[in-house]
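One-letter residues, chain by chain:
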Amino acid sequence: MKTIKQLSVFLENSQGSLKKILSALSNQNIEIQAASVADTNDYGILRLITSDQIKTCRLLSDIGVLVNVNEVLAVSIEDSMAAFASTVAVLSDNGVEINYLYTFTKDAKLVLIIRPADLEKACAVAEANGLTLIQGWE
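What counts and how
- Residues numbered from 1 in each chain as written.
- Predicted model: local features only at pLDDT ≥ 70, side-chain atom pairs only at ≥ 80, totals over all residues.
- Heavy atoms only, no water.
- Helix = DSSP H or I, 4+ residues; strand = E, 2+ residues; numbered from the N terminus.
- Rg over C-alpha atoms; globule rule 2.2 N^0.38 Å.
- Polar contact = N/O pair within 3.5 Å; in protein donor to acceptor, adjacent residues only side chain to side chain.
- Buried < 20%, exposed > 50% of the residue type's maximum accessible area, 1.4 Å probe, protein only.
- Arc of directions from axis to C-beta.

### Examining the overall build of the protein
Within the protein one finds four helices and seven strands. Ordered by position in the sequence, the α and β elements of the protein form the string β-α-β-β-α-β-α-β-β-α-β. Scaling as 2.2 N^0.38, a compact globule of 138 residues should have a C-alpha radius of gyration of about 14 Å, and the protein matches this with 16 Å. Counting only C-alpha atoms, the protein reaches 40 × 30 × 25 Å along its principal axes.

Next comes the structure, spelled out in structure tokens:
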């Protein structure tokens, strides 16, 4: 299955928790390629794609931050609203439920990071419909 690893970092809803993480990454020259933050009343979730996912996971664990590794789809498309809408329509029209999605640009392309309810189904639908999936990407 063509997927990439995403880190889900649990943040306390307190002053300085994000700063602590970003400082640690900066001190180790780890680049953030994509990030998304969602919050609840009790905590936040920082989702990350970095230049070195394994090093990032170890570093954050070493400084006492709870980190989970998830597999997600990374779909590379043209950087246009039409391509974005079309890609989401292909998945949706074929029964793929998207739990969340965020984007970033890389090499003049838009990359959609998609966490579907059923990863295998989403991957199969994407491949069957000619979507360009990025694999690995440590």
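Following the structure, the description resumes.
### Considerations on the side chain of N70
Among the secondary structure elements, N70 is positioned in strand β4 (residues 67-78). Side chain to side chain, N70 and S8 meet in a polar contact 2.7 Å long.

### Notes on helix α1 (residues 17-27)
Within the sequence span of α1, burial applies to S17, I21, A24 and L25. For α1, the angular spread of the buried residues around the axis is 95°, confining them to a single face. Exposed and oriented more than 90 degrees from the buried face of α1 are K19 and N27. Following α1 by one or two positions, N29 adopts a phi angle in the positive range, close to 55°.

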